[in-house]
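One-letter residues, chain by chain:
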Amino acid sequence: MNSRIYLDHNATSPLRPEAEEIIARFSKESLGNPSSIHSTGRKVRRLIDDAREEVARFIGANPSEIVFTSGGTESNHLAWNAFAREGSRIVTTSVEHASLLAAAERAKTTGAQLIQISVFKDGGIHPSEMESALESNPDLISVQHANNETGVVFPIQQWRTTGRKHTDAVQSVGKLDVDVHNLGVDFLSLSGHKLGTPSGVGALYVRRGSPFETLWDGGAQEKGRRTGTENVLGILCFGAVCKHLREEGATERTRIERLRNNFEKELTDRIDGIRITGASQPRVPNTSHVMFDRLDGESLLIACDLEGIECSTGAACSSGSLRPSHVLLAMGFSPENAQGSLRFSLGWNTTESEISQAVETLPKLVAQVRNAGHNYAQKKTG
Ligand SMILES: Cc1ncc(COP(=O)(O)O)c(C=O)c1O
């Protein structure tokens, strides 16, 4: 195999041409500080405003409701900040991204009361738990729109609450139609590098009039809502990518979904003892989480890497640790099942021939790893 087959778009999606164009343009033109009053500063301010408008249009928001941040992690913490106080009641789930779980831990230490809804083995949320949590009139409900590991989509629009609603939409924006009014949310987190911008840029949608507290004082940027000099180049890339996705994203998504479905069909036809996690639930169109019997996912991941196929054992941030994924454990899988799984996530530059090569190669690698006896039980004792 000559070139790498990158199937890890949920971790970071490679730079899109629209972002590359921005970077190339501004490596020649100088970019000043948008807070400066001189012409260069004012020009940059206008460019940021244009990008803000593109990001807002992409999710059906008003530009004044977009706060640029460093990414999904910061947006999640920022959304929760006003609710992390004595006496507030917050509803969330056990399968959120690590950054949201950390915001929840922090809120607990400041006296907030947390209600954590569980999920079923198919990834779907427990409806009666959610119903009774909503009846307790929470101040905030915060549930991810799509899970980063399984791709399962949660019915955010269905839940009515007297309080505020936040969704971590880092894994759904660009993969589904996301509209803040259809979802009925007050806060929505986005991240640029999942869409093909450089990493280090993101946004939080804050519906006008929502309770809000900045994380840090000491600047007037983003109308004081997110202080510190803006990541100008990142923001401009974010705007360009959102514009492109608004105009052409639907065609791309249909293409990716067809590739993902072929990938899953071929794998299940060719390899025994495998299951697609969350297959009976609505899922984002690019993600395939596969559970393999009788093998250790990390050993398979390494075998894939040696053959040029790049995928993930789950959340990128927890790779490097041997702990089974908290998402799969919360879904009710054993540590052995959790460790025997891989996530393949397709994206804008995935081709049909890459998927054909991957489904040709994977059965051989699975057989190799199984024959070598690399499984979780053995690893634990070995
Ligand atoms: C669902 C979800 N939320 C938040 C994040 C964090 O985003 P960022 O890497 O931009 O901080 C990620 C990244 O993997 C994610 O998948």
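Up top you'll find the structure we're talking about.
Residues numbered from 1 in each chain as written. Predicted model: local features only at pLDDT ≥ 70, side-chain atom pairs only at ≥ 80, totals over all residues. Heavy atoms only, no water.

Chemist: What exactly am I supposed to notice about the overall build of the chain here?
Modeler: Regarding its fold elements, the chain presents twelve helices and twelve strands. Here the chain has a C-alpha radius of gyration of 21 Å; the compact-globule value for 382 residues is 21 Å, and the two agree. Expressed as lengths along the three principal axes of its C-alpha atoms, the size of the chain is roughly 65 × 55 × 35 Å. In the chain, buried positions account for 53% of the 382 residues. The long-range share in the chain, meaning contacts at least 24 apart out of those at least 6 apart in sequence, stands at 71%. Here the chain has roughly 16,000 Å² of accessible surface; of this, 50% comes from carbon and sulfur atoms. Charged side chains in the chain number 42 positive and 46 negative. The centres of these two groups are separated by 2 Å. (Helix = DSSP H or I, 4+ residues; strand = E, 2+ residues; numbered from the N terminus. Rg over C-alpha atoms; globule rule 2.2 N^0.38 Å. Buried < 20%, exposed > 50% of the residue type's maximum accessible area, 1.4 Å probe, protein only. Contact = heavy atoms within 4.5 Å. Areas by Shrake-Rupley, 256 points an atom, 1.4 Å probe, with all protein chains shown as cover. Lys, Arg positive; Asp, Glu negative; His and termini not counted. Charge placed at Lys NZ, Arg CZ, Asp CG, Glu CD.)

Chemist: I'm lost on the sheet that holds strand 12 (residues 341-345) in this one. Help?
Modeler: Strand order across the open sheet formed by three strands is 9-10-12, with antiparallel pairing between neighbours. Each edge of the open sheet is held by one strand with a lone partner, namely strand 9 (274-276) and strand 12. Averaged over neighbouring strand pairs, the angle between their axes works out to 25° when direction is ignored. Along the sheet, helix 8 (residues 297-306) contacts strand 10 (287-292) and strand 12; its crossing angle with strand 12, the most-contacted strand, is approximately 45°. (Pairing = 2+ DSSP bridges. Axes fitted to C-alpha atoms, helices over the stretch in contact; angles between N-to-C directions.)

Chemist: Mind showing me how you'd approach the pairing of strand 10 here?
Modeler: It is a general feature of regular strands that their side chains alternate between the two faces of the sheet. Counted residue by residue, strand 10 has six buried out of six residues, so it is predominantly covered. Burial along strand 10 is two-sided: Thr 287, His 289 and Met 291 and Ser 288, Val 290 and Phe 292, pointing in opposite directions, are all buried. Where strand 9 lies against strand 10, three bridges are found, and the strand directions are antiparallel. Looking across to strand 10, one finds that Ile 274 is bridged to Phe 292.

Chemist: Is there a simple way to think about the site of the ligand in this case?
Modeler: Among the 13 residues in the neighbourhood of the ligand, the closest are listed as Thr 73, Asp 168, Gln 171, Ser 191 and Lys 194. The protein chains hide 88% of the 390 Å² of surface that the ligand would expose on its own. Per-element tally for the shell around the ligand: the top contributor is helix 3 (residues 72-81), with three residues. A per-class count over the shell around the ligand returns one nonpolar, ten polar and two charged. (Near = heavy atom within 4 Å. Nonpolar A, V, L, I, M, F, W, Y, C, P; charged D, E, K, R; others polar.)

Chemist: Help me understand helix 5 (residues 127-135), please; the structure alone is not making it clear to me.
Modeler: Because each turn of an α-helix spans 3.6 residues, side chains separated by three or four positions end up pointing in the same direction. Looking at helix 5, one finds that the buried residues are Met 130, Ala 133 and Leu 134. Along helix 5, the residues classed as buried sweep out an arc of 100° about the axis, all on the same side. Turned more than 90 degrees off the buried face of helix 5, the exposed positions are Glu 131 and Glu 135. On its buried face, helix 5 is in contact with strand 3 (89-93), strand 4 (113-117) and strand 5 (140-142). (Arc of directions from axis to C-beta.)

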